[in-house]
Amino acid sequence: MMNKNRICQLFGIQYPLIQAGMIWCSNWELAAAVSNAGGLGLIGSGSMYPDILREQIRKCKVATHKPFGVNVPLLYPDIEKHIQIIIEEGVKIVFTSAGNPKTWTAKLKEYGITVVHVVANIKFAQKAADAGVDAVVAEGFEAGGHNGREETTTLVLIPMVKQAVSIPVIAAGGIASGKQMLACFALGAEGVQIGSRFVASAESSAHQAFKDAVIRANEGDTQLTLKQLVPVRLMRNKFFNDVQAAENRCATVEELEQLLGRGRAKKGMYEGDLNEGELEIGQVSAAIKTIMPAAAIVQEIMTEFENEKNRIAEL
Ligand code: NDP
């Protein structure tokens, strides 16, 4: 364990490397594999009906005796049920995202749960700190999925958030290697949250066709879109082009909502429809070239992190 690292201490983990709780991709197999490898695995509850979430938590508890957590997008329709299940099942760590941190933090903390909130700007980082969270994830423009309207890049965001709050900052967005992790530490982060790299893992529940698309992705293949609804970074495909065409003809919010419809993310990431589905993935997918077991990803990143730290010390 990195003894002086507040993120390792907070969660009781060996490496300050957290696997993002991504809808349709972060199942118990992935979370358990990352936790068993010394990082922190998160179950992504946003795409799970309550009974599925309970089952996933139970399976994860069997598969790992190390700490793991659950990511809860706060705009989830049955949020009360998810929170209740998390409390009943004795989950110790919750990452909340996409909503107001004031709503649930106090209740979760009442049950001794460590709470982290995901933010994309300084204002929300301060709001999360005021709400009493234990750490924040500061997620930059490069990140896949839901994103901030400010479009602040990770390089710019991390030092500003670090300055704004005294709780530990976990960097996210654009991180898939030990070098990128080290760069974030130089900026003031004490941990990193990694999503895209773990989508392309053996254990992730993403459809194989989506995993293959991720490792085929090139520079420029992802873009931030749907800014009139919730800005989201996704892979450019037919669905993306349809959204662009609608925006170019100045479609109303209602028209865009209708075009998006329901279950687009499931269609793309879980069912593998690469044309009509929503394929949420980060910019860094352009640098991901192989699908590996999650434990090997953790090891590779941590080894590179240590090697690069030594290399830079000699410069
Ligand atoms: P949609 O409204 O398009 O579809 C809902 C999807 O969620 C369906 O596929 C449905 O599965 C599934 N689902 C799981 N539990 C429920 C429930 N209790 N009620 C209704 N549907 C449920 O939403 P999205 O797919 O775009 O997003 C799903 C969730 O993930 C949302 O809560 C959203 O906030 C979150 N999200 C978070 C992101 C992040 O970056 N943190 C990114 C994108 C989404 P089925 O088809 O089997 O009915």
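Structure: see above.
Asks: I'd like to hear about the site of the ligand, residue by residue, with values.
Replies: What surrounds the ligand is a group of 19 residues, the closest being Tyr49, Leu75, Tyr76, Gly263 and Lys266. Interatomic distance of 3.1 Å between a side-chain N/O atom of Arg262 and an oxygen atom of the ligand. For the ligand, an oxygen atom lies 2.8 Å from a polar atom in the backbone of Gly263. Alone, the ligand offers 890 Å² of accessible surface; in the complex the protein occludes 78% of this. A breakdown of the residues in the shell around the ligand according to their chemical character gives 9 nonpolar, 6 polar and 4 charged. The residues that make up the shell around the ligand include at least three from each of domain 1 (10-205 + 285-313) and domain 2 (217-284).

Asks: Account for the pairing of strand 8 (residues 169-172), with residues named and values stated.
Replies: Put simply, side chains in a regular strand alternate between the two faces of the sheet. On strand 8, burial covers both faces: Val169 and Ala171 on one face and Ile170 and Ala172 on the other are all buried. Where strand 6 (residues 135-139) meets strand 8, 4 bridges bridge the pair, whose relative direction is parallel. What sits directly across from Ala138, in strand 8, is Ala171. Pairing between strand 8 and strand 9 (residues 191-194): 3 bridges, direction parallel. When the bridges of strand 9 are listed, Ala172 appears paired with Gln193.

Asks: Any details on the pattern of salt bridges? Residues and values, ideally.
Replies: In the structure shown here, the tally under the stated rule is 15 salt bridges. With its nearest N and O atoms 3.1 Å apart, the salt bridge here joins Glu89 to Lys61. Of this pair, Glu89 sits in the loop between helix 4 (79-88) and strand 4 (93-97) while Lys61 is found in helix 3 (residues 50-63), placing the two residues 28 residues apart along the sequence. For Glu306, the salt bridge is made with Lys309, and the minimal N-O distance between the two is 3.1 Å. Taken together, the positions of Glu306 and Lys309, both in helix 14 (residues 294-313) and 3 residues apart, correspond to about one turn of that helix. By relative accessible area, which is 35% here, Lys309 ends up partly exposed. Each of Arg54, Arg58, Lys61, Glu88 and Glu89 takes part in salt bridges that share partners, so that together they form one network.

Asks: Please give an account of the packing of helix 3 against helix 4 that cites residues and values.
Replies: Packing of helix 3 against helix 4 brings their axes to within 10 Å, and their N-to-C directions diverge by 25°. Taken together, the axes of helix 3 and helix 4 are roughly parallel relative to one another. Crossing hand, helix 3 versus helix 4: right-handed. Of the residues in helix 4, those touching helix 3 at Pro50, Leu53, Arg54 and Ile57 are Lys81, His82, Ile85, Ile86 and Glu88. Taken together, the residues that form the contact of helix 3 with helix 4 break down as 5 nonpolar, 1 polar and 3 charged.

Asks: Break down helix 10 (residues 208-216) for me, with residues and values.
Replies: Buried residues of helix 10: Phe210, Lys211, Ala213 and Val214, and no others. The arc enclosing the buried residues of helix 10, seen along the axis, measures out at 160°, which places them on a common side. Elements that come into contact with the buried residues of helix 10 comprise helix 9 (196-199), strand 11 (232-235) and helix 13 (264-270).

Asks: Now, about the nonpolar core: what can you tell me, with residues and values included?
Replies: In globular proteins that are soluble, nonpolar side chains generally tend to be buried together. Judged by nonpolar contacts, the single largest core of 75 residues is most densely connected at Leu17, Ile43, Ile57, Ile86, Val136, Phe198 and Phe210. Among all residues touching Ile57, those that are not within four sequence positions of it are Ile43, Phe68, Val70, Ile85, Ile86, Glu89 and Val91. One finds Ile13, Ile18, Val116 and Ala172 within the second-largest nonpolar core, a separate group that totals 15 residues.

What counts and how
- Residues numbered from 1 in each chain as written.
- Predicted model: local features only at pLDDT ≥ 70, side-chain atom pairs only at ≥ 80, totals over all residues.
- Heavy atoms only, no water.
- Near = heavy atom within 4 Å.
- Polar contact = N/O pair within 3.5 Å; in protein donor to acceptor, adjacent residues only side chain to side chain.
- Areas by Shrake-Rupley, 256 points an atom, 1.4 Å probe, with all protein chains shown as cover.
- Nonpolar A, V, L, I, M, F, W, Y, C, P; charged D, E, K, R; others polar.
- Domains from an automatic or database assignment.
- Buried < 20%, exposed > 50% of the residue type's maximum accessible area, 1.4 Å probe, protein only.
- Helix = DSSP H or I, 4+ residues; strand = E, 2+ residues; numbered from the N terminus.
- Pairing = 2+ DSSP bridges.
- Salt bridge = Lys/Arg side-chain N within 4 Å of Asp/Glu carboxyl O.
- Axes fitted to C-alpha atoms, helices over the stretch in contact; angles between N-to-C directions.
- Parallel < 35°, antiparallel > 145°, perpendicular 65-115°, else oblique.
- Left-handed = near helix turned anticlockwise from the far one by under 90°.
- Contact = heavy atoms within 4.5 Å.
- Arc of directions from axis to C-beta.
- Core = buried A, V, L, I, M, F, W, Y, C linked by side-chain atoms within 4.5 Å.

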